[in-house]
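# What the coordinates show
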Amino acid sequence: MKKNNAMRLCFESRPENEAFARVVVSAFMVQLNPTLEEVNDVKTAVSEAVTNAIVHGYPRGGEGEIRLSVRLLPQERTLEVEVSDDGAGIPDVEQAMQPFYTTQPELERSGMGFSVMQSFMDGIRVESEVGKGTRVMMKKWLHD
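Residues numbered from 1 in each chain as written. Predicted model: local features only at pLDDT ≥ 70, side-chain atom pairs only at ≥ 80, totals over all residues. Heavy atoms only, no water.

So, about the overall build of the chain. Broken down by element type, the chain carries four helices and five strands. Along the chain direction, N to C, the helices and strands of the chain fall in the order β-α-α-β-β-α-α-β-β. The buried share of the chain, reckoned over its 144 residues, is 44%. In the chain, once contacts between residues fewer than 6 apart in sequence are set aside, the share between residues at least 24 apart is 63%. Of the roughly 8200 Å² of accessible surface on the chain, 50% is carried by carbon and sulfur atoms. (Helix = DSSP H or I, 4+ residues; strand = E, 2+ residues; numbered from the N terminus. Buried < 20%, exposed > 50% of the residue type's maximum accessible area, 1.4 Å probe, protein only. Contact = heavy atoms within 4.5 Å. Areas by Shrake-Rupley, 256 points an atom, 1.4 Å probe, with all protein chains shown as cover.)

In structure tokens, the structure reads:
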């Protein structure tokens, strides 16, 4: 019987750290023997969540910390990922999760970040408070 396993990572809100976060999650989830498609799904969702934290949590190049937590639940074949920041927060989470909604059209943002996360993961929950930050919690059920 495999035991649950978890890891936490903190890094600066710099664009170059988005790729780092994707690689870390994919390397950690290998313990569950995922398919290549499952790894790519998770990497894409993590990329979107981290990019949102960088661009929207700390806008205009603001500095801050992004936290990445991953839990592996082998008995349930489940991966749980959380990306959080202490940045600007989201005034209306429901509105922000609508496809094509963006607060930064001048930066050519597509407004598809949450939609992408939802399409690649099996569950997503977002908690946010203006001026205090955002938590994006995602789940992925892996094949047997």
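The next subject is the nonpolar core. Formed by 35 residues in total, the largest nonpolar core has its most connected members in Val50, Ile66, Leu68, Val70, Val81, Phe114 and Met138. Listed by contribution, the elements that provide at least two residues to this core are β1 (5-12), α1 (17-29), α2 (36-57), β2 (65-73), β3 (78-85), α3 (93-96), α4 (113-120) and β5 (133-141). With eight residues, the single largest contributor to this core is α2. Not counting the four nearest positions on each side in its chain, Leu68 is found in contact with Met7, Arg8, Leu9, Phe11, Ala21, Val25, Val81, Glu82 and Val83. (Core = buried A, V, L, I, M, F, W, Y, C linked by side-chain atoms within 4.5 Å.)

Let us look at the pairing of β2. Strand direction decides the pairing type here: β1 and β2, joined by eight bridges, are antiparallel. The partner of Cys10 across the bridge, within β2, is Arg67. For β2 and β3, the ladder comprises eight bridges, and the chain directions are antiparallel. Considered in β3, the bridge of Val70 is made with Val81. (Pairing = 2+ DSSP bridges.)

Along β3, seven of the eight residues are buried, which leaves the element largely enclosed by surrounding structure. Linking β2 to β3, which pair antiparallel, is a turn of four residues; within it Arg77 sits at a positive phi near 55 degrees. Inspection of the sheet shows β3 paired to β5 by eight bridges, in the antiparallel sense. Its bridge partner being in β5, Glu80 is matched across the sheet by Lys139.

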